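Structural characterization, general
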Amino acid sequence: MDRITVGLDFGTHQTKVCIENKADVNNPEYSFFPFKDLEGNDNYILPSIVQINSDNTLSYGFVDEKRAKYGKKFIIGGIPKFPQKISVTTEDLEPMPTKPAILNSAPPTSGEQLALYKKAQKLYDTQLNLWRNKNNSLKKKHECAMKDAEATYQAELKEWQNTSQVNYRMIYRYFKQDTFSDYKWNCSLSSSYLSIWYLCYIIFCLEEKYGQNFAIQMGIPTGSDRFVQKKRRAVSILLTAYHLVEDVFNNDLERFLSTPVDELEKMTKLIPFSEEKKQEYGLLVFPEAYAALKSLTAQNKIETGMNIMVDIGGGTTDITFFTIENSCPKIYDYSSISYGLNYIIEKANPHLKDKFDIDLNLSIIDSQELSSVISSYYQKLRGSCGDLVEKLFTSFPKTGYPTFKLTDALKKRPIVYSGGGSTYDFLRKPIFPFTDVTQISPKIWQGMNIKEISKFIDVCPIVSTALGLAISEIHDDVELATINDIFKPRQDT
């Protein structure tokens, strides 16, 4: 029996699916899953779109002008809502350090016990200060987020007041971005529900071809600090999609597609995270930064040493700091910022009538405005890359090596671009100290058994994450290498 692993690259703007078939364990075969467009042609990139049709049913992936329902702008969502206060929850805060037992009694007057007491007091004070600083930093971050939310609200309110009502197609994009990031969703429909229904459609298509004989590996935008929390959310959404497909609609795609949206909302009950259910369905969830890296390192196409990979997607940019040592990747940290191609096009074209109904066509934007927005985008990207490098320098003294060794090792290192954004050459820039700019290319596929490979050469940077996700894994516990590992090969020689 074929052993099928589905690499599901659920994108903000478009979704790609790659299949690993391990009928021959020693020579797995990879193929990209085709979806049928409105003309019945195979399309290997499924737009992340949900459309409300004139009969209140939903369709997925492709805009159908003949069936689309139209509404009056601002009637559906009404006046923009004032943002709720962004507060720090107990889940975000780390627990206060536990006070050592020795400090619960009066300090000894002298001798060895007094020395132990002072040492414990000093260590505890240090831990307490670190805890306070980290939690205060988090609170400040939430305060800044609230200010940004209020500024966004004021801008949207002004637009609402100044814009006349116009007809628009009821088409929704960016639901994935809102589901997994801090993107501001301003629609009456739940972004989580739209993500679930969109994934339902994909699962229906997969089960039509493979039955239930496959496991899904999906990527999510996240940094290392929030991965576990977001992974649980992703698993919950996938479990809910499976529940609808198999238990509610009994694998009847036509009934699913003919169900009005208000009935779908009543049928959709979020299934909570369950490790047992996760294993039952064979679900694995990886950071998109890690997923983008997998296909690159699998074929040993990156030189030994420290590298940064930047995956520019439709809604997020995912960054990985990694090394290649002894032909194996080691990941030291990864992060994700909620800025991608959609940020660039929206900011460069402030007169968009409906941000849910646009195409990523940068050629129509004034070059001066585009240049300014790209500069702003790269400030955010440099900041994120800089944070990873700063953490590296902060921890490096623990290795026992002088700092200049790290500085020398980082000179002229590769920055590898992937994703849809990397297809625009003006978005591939050096970010000091990573000045050797490269892009994922078909060379990374050499040695891999990919069906009809010639069809995908031109879109290699776009589908490479799906290919990486299709490489089957035993578990999704992404273990980060420690700072002590960076020069370990040199210590061994």
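Residues numbered from 1 in each chain as written. Predicted model: local features only at pLDDT ≥ 70, side-chain atom pairs only at ≥ 80, totals over all residues. Heavy atoms only, no water.

Here the focus is the overall build of the protein chain. Helix and strand counts for the protein chain come out as 13 helices and 19 strands. Classification of the 493 residues of the protein chain by burial places 49% in the buried group. As displayed, the protein chain has an accessible area near 24500 Å², and 50% of this comes from carbon and sulfur atoms. (Helix = DSSP H or I, 4+ residues; strand = E, 2+ residues; numbered from the N terminus. Buried < 20%, exposed > 50% of the residue type's maximum accessible area, 1.4 Å probe, protein only. Areas by Shrake-Rupley, 256 points an atom, 1.4 Å probe, with all protein chains shown as cover.)

So, about the sheet that holds strand S8 (residues 58–60). Strand order in the open sheet formed by 3 strands is S8-S7-S11, and the pairing between neighbours is antiparallel. The sheet is open, and its two borders are formed by S8 and strand S11 (171–172), each paired with just one other strand. Bridging between strand S7 (residues 50–52) and S11 involves 2 bridges; their strand directions are antiparallel. Its bridge partner lying in S11, Gln 51 is registered against Ile 171. Sitting on the sheet, helix H3 (residues 191–210) is in contact with S7, S8 and S11, with an inclination near 65° to S8. (Pairing = 2+ DSSP bridges. Contact = heavy atoms within 4.5 Å. Axes fitted to C-alpha atoms, helices over the stretch in contact; angles between N-to-C directions.)

Quick look at the confidence of the model for the protein chain now. Interpretation of the predicted coordinates at a detailed level should be avoided for regions scoring low in pLDDT. Per-residue pLDDT for the protein chain averages 83, and the proportion of residues at 70 or more is 85%. For the stretch residues 353–358, pLDDT sits under 50, and the model shows 25 contacts to residues farther than four places along the chain or on other chains. Confidence drops under pLDDT 50 across residues 489–493; counting only partners more than four residues distant or on other chains, this segment forms 4 contacts. (pLDDT = per-residue confidence, 0-100.)

The next point concerns unusual backbone geometry. In the segment running from Phe 432 into Pro 433, the intervening peptide bond is cis, with an omega of 5°. In this fold, Pro 433 is placed in the loop between strand S17 (414–418) and strand S18 (436–439). Although it is not a glycine, Asn 251 sits at a positive phi angle of roughly 60°. Take Asn 251: its relative accessible area is 37%, and that puts it in the partly exposed class. Here the phi dihedral of Glu 452 falls at roughly 50°; this positive angle occurs in a residue that is not glycine. Mapped onto the elements of the fold, Glu 452 is located in the loop between strand S19 (449–450) and helix H12 (460–470).

Once that is clear, we can look at the pattern of salt bridges. Pairs may arise between side chains of opposite charge once their charged atoms sit close together. Tallied over the entire structure, the rule returns 12 salt bridges. One salt bridge in this structure joins Asp 42 and Lys 36, with 2.7 Å as the shortest N-O distance. One salt bridge in this structure joins Glu 275 and Lys 278, with 4.0 Å as the shortest N-O distance. In this pair, Glu 275 and Lys 278 are both assigned in helix H7 (residues 275–281), 3 residues apart and thus about one turn of the helix distant. Judged by relative accessible area, which is 5%, Lys 278 ranks as buried. The network of salt bridges with common partners includes Lys 231, Glu 275, Lys 278, Asp 476 and Asp 477. (Salt bridge = Lys/Arg side-chain N within 4 Å of Asp/Glu carboxyl O.)

Looking now at the packing of aromatic side chains. The full count for this structure, using the stated rule, is 20 aromatic pairs. On the numbers, 5.7 Å between centres and 55° between planes, the contact of Phe 321 with Tyr 332 is tilted. Taken as a pair, Phe 321 in strand S15 (residues 317–325) and Tyr 332 in strand S16 (residues 328–337) lie far apart in primary sequence, 11 residues in all. Judged on exposure class, the residue Phe 321 and its partner Tyr 332 are both buried. Clustering of aromatic rings is evident, with ring pairs tying together Tyr 60, Tyr 201, Phe 204, Phe 249 and Phe 256. Over the ring of Tyr 339 we find Lys 380, and its NZ or CZ is 4.6 Å from the ring centre. (Phe/Tyr/Trp six-rings, centres within 6.5 Å; stacked < 30°, edge-to-face > 60°. Lys NZ or Arg CZ within 6 Å of the ring centre and 35° of its normal.)

What follows deals with the packing of H3 against helix H4 (residues 227–248). Where H3 meets H4, the closest approach of the two axes is 8 Å, and the angle between their N-to-C directions is 55°. In terms of orientation, H3 lies oblique with respect to H4. Taken as a pair, H3 and H4 cross one another with a handedness that is right-handed. Of the residues in H4, those touching H3 at Ser 192, Ile 196, Trp 197, Leu 199, Cys 200, Ile 203, Phe 204 and Glu 207 are Arg 233, Ile 237, Leu 238, Thr 240, Ala 241, Tyr 242, Leu 244, Val 245 and Glu 246. (Parallel < 35°, antiparallel > 145°, perpendicular 65-115°, else oblique. Left-handed = near helix turned anticlockwise from the far one by under 90°.)

Buried residues dominate helix H9 (residues 341–348), accounting for 6 of its 8 residues. The complete set of buried residues in H9 reads Leu 341, Asn 342, Tyr 343, Ile 344, Ile 345 and Ala 348. Residues of H9 that are buried make contact with helix H2 (175–180) and helix H10 (367–395).

All right, on to the side chain of Thr 465 then. Of note, Thr 465 is situated in helix H12. By relative accessible area, Thr 465 is classed as buried at 3%. Look past the residues within four positions of Thr 465 in its chain and what remains in contact with it is Asp 9, Ala 291, Ala 292 and Asp 311.

The next point concerns the environment of Lys 278. Sequence separation of Lys 278 and Leu 239 is 39 residues, and the distance between their C-alpha atoms is 7.5 Å. Side-chain polar atoms of Lys 278 contact the side chain of Asp 476, separated by 3.1 Å. (Polar contact = N/O pair within 3.5 Å; in protein donor to acceptor, adjacent residues only side chain to side chain.)

Moving on: the nonpolar core. Phe 32, Trp 197, Met 218 and Trp 445 are the most contacted members of the largest nonpolar core, which totals 89 residues. Ranked by the residues each element gives to this core, the list is headed by H3, at 13 residues. If we skip the residues at most four places from it in the chain, Trp 445 touches Phe 32, Ile 450, Ile 453, Phe 456, Ile 457, Cys 460, Val 463 and Leu 467. Counting 33 residues, the second largest nonpolar core, distinct from the first, contains Ile 337, Val 373, Leu 392 and Phe 396. (Core = buried A, V, L, I, M, F, W, Y, C linked by side-chain atoms within 4.5 Å.)

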